[in-house]
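# Coordinates in review
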Amino acid sequence: MFSETTQNVPTCVQSVKMERYYRLHSHIYDYTRWSFLFGRKKVIVMAADFVKPRRILEIGCGTGANLDTLAKTFPDASITGVDISDSMLNKSRRLLEKHGSRIELLNYNYNRPLRRGEYDLVLFSYTLTMINPGWQEALNAANADLSTGGCLAVVDFHRGGTSWFSGWMGVNHVRMEGELLPRLKQSFNPLFLSAPKAYGGLWQYFYFIGNKRIGA
Ligand SMILES: C[S@@+](CC[C@H](N)C(=O)[O-])C[C@H]1O[C@@H](n2cnc3c(N)ncnc32)[C@H](O)[C@@H]1O
């Protein structure tokens, strides 16, 4: 039986902002995002080279496509997806029903750890650039939630090629000013990183795979 736990998310600016945006966008998300959210499957395939996780956490799981890929890539893992938008979680729930109780979905504002030291793989896929302010707290929380030797996998926007483009993404609640990669390199041991160009340089996105620093 598919299990969903809903945790109370006190109404906050981020939850209101995201739910207002995704109430409409959740319906067109899977038809449109393939054209610009590059690397989402690839980051999971790459993570599999570094970790064989028993427990996985995706932050900002959206409509659930990555959770579906994670479930197929790691058939023995139990998986948790958290998101702050009920509209997105409702889409996830429908898609993931076929996986039964292996996948847990929570309405959770990821500004603090969920279960310290429990997760061997934590994934942020196009989520950190939408948590602003607050992405630093989200990274601190991920560090705490990772098990010793656990892996963090991130794919996200790096920076816009023009101020026009970055401005347009800002209207869509995405902040892409190149600040994530330096902080990731500082806080986690890098295992892999690259920053390819999209559409000839209209923007750059990045992959980062790293593990928890010993003693962190
Ligand atoms: C661009 S979508 C990415 C969805 C999915 N990870 C993907 O790759 O398609 C960003 C998601 O992050 C969620 N989100 C934003 N802020 C969050 C927060 N503070 N805690 C949890 N989820 C959040 C949004 O509701 C949205 O579903």
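Residues numbered from 1 in each chain as written. Predicted model: local features only at pLDDT ≥ 70, side-chain atom pairs only at ≥ 80, totals over all residues. Heavy atoms only, no water.

## A short note on a nonpolar patch on the surface
On the surface, Trp164, Trp168, Val171, Tyr199 and Leu202 cluster together to form a nonpolar patch covering roughly 600 Å² of accessible area. Its location among the elements puts Trp168 in helix α6 (residues 163-171). On the accessibility criterion, Trp168 (45% relative accessible area) is partly exposed. (Patch = residues over 30% accessible without salt bridge, like charges linked within 9 Å, V, L, I, M, F, W, Y side chains within 5 Å. Areas by Shrake-Rupley, 256 points an atom, 1.4 Å probe, with all protein chains shown as cover. Salt bridge = Lys/Arg side-chain N within 4 Å of Asp/Glu carboxyl O. Helix = DSSP H or I, 4+ residues; strand = E, 2+ residues; numbered from the N terminus. Buried < 20%, exposed > 50% of the residue type's maximum accessible area, 1.4 Å probe, protein only.)

## Section: the site of the ligand
Taken together, 22 residues lie around the ligand, and Tyr29, Arg40, Gly60, Asp83 and Ser125 are the ones closest in. Measuring from a nitrogen atom of the ligand, one finds a backbone N or O atom of Ile84 at 3.3 Å. Here a nitrogen atom of the ligand and a backbone polar atom of Tyr108 are 3.5 Å apart. If the ligand stood free it would expose 600 Å²; the protein chains cover 97% of that surface. (Near = heavy atom within 4 Å. Polar contact = N/O pair within 3.5 Å; in protein donor to acceptor, adjacent residues only side chain to side chain.)

## Observations concerning helix α3 (residues 65-73)
Since the α-helix turns once every 3.6 residues, residues separated by three or four places project in the same direction. Of the residues making up α3, those classed as buried are Asn66, Leu67, Asp68, Thr69, Leu70 and Ala71. Packing partners of the buried residues in α3 comprise α2 (40-47), β2 (55-59), β3 (78-83), α4 (86-96), β4 (103-107) and β5 (119-125). (Contact = heavy atoms within 4.5 Å.)

## Concerning the nonpolar core
Most often, soluble globular proteins have nonpolar side chains that are buried together. If you look at the biggest cluster of nonpolar residues, it comprises 42 residues, and the most contacted ones within it are Leu67, Leu70, Phe74, Ile79, Leu121 and Phe157. Dropping the residues within four chain positions of it, Ile79 is found in contact with Ile56, Leu67, Leu70, Ala71, Arg102, Ile103 and Glu104. Of all hydrophobic cores here, the second largest spans 26 residues; its members include Leu106, Val122, Leu139 and Leu152. (Core = buried A, V, L, I, M, F, W, Y, C linked by side-chain atoms within 4.5 Å.)

## Concerning the pattern of salt bridges
Applying the stated rule across the entire model yields seven salt bridges. A salt bridge links Lys98 to Asp68, with the nearest nitrogen and oxygen atoms 3.6 Å apart. In this pair, Lys98 sits in the loop between α4 and β4 while Asp68 sits in helix α3, placing the two residues 30 residues apart along the sequence. Among the residues examined, Asp68 registers a relative accessible area of 10% and is labelled buried. Linking Glu177 and Arg175 is a salt bridge whose minimum nitrogen-to-oxygen distance equals 3.6 Å.

## Here's the deal with the environment of Lys185
Along the chain, the position of Lys185 falls in helix α7 (residues 180-187). Judged by its relative accessible area of 41%, Lys185 is partly exposed. Separated by 24 residues in the primary sequence, Lys185 and Ile209 place their C-alpha atoms 9.6 Å from one another. Beyond its immediate chain neighbours, meaning those up to four positions away, Lys185 contacts Pro190, Leu193, Phe208 and Arg213.

## Observations concerning the packing of aromatic side chains
Between two aromatic rings, the relevant description is the distance of the centres plus the angle of the planes. All chains considered together, the criterion is met by 13 aromatic pairs. Here the aromatic rings of Tyr199 and Trp203 are separated by 5.4 Å at their centres, their planes lie at 70 degrees, and the arrangement is edge-to-face. The class for Tyr199 is exposed, based on a relative accessible area of 53%. Given the relative accessible area of 3%, Trp203 is considered buried. Ring pairs connect the aromatic residues Phe38, Tyr126, Phe157, Trp164, Phe165, Tyr199, Trp203, Tyr205 and Tyr207, which therefore count as one cluster. (Phe/Tyr/Trp six-rings, centres within 6.5 Å; stacked < 30°, edge-to-face > 60°.)

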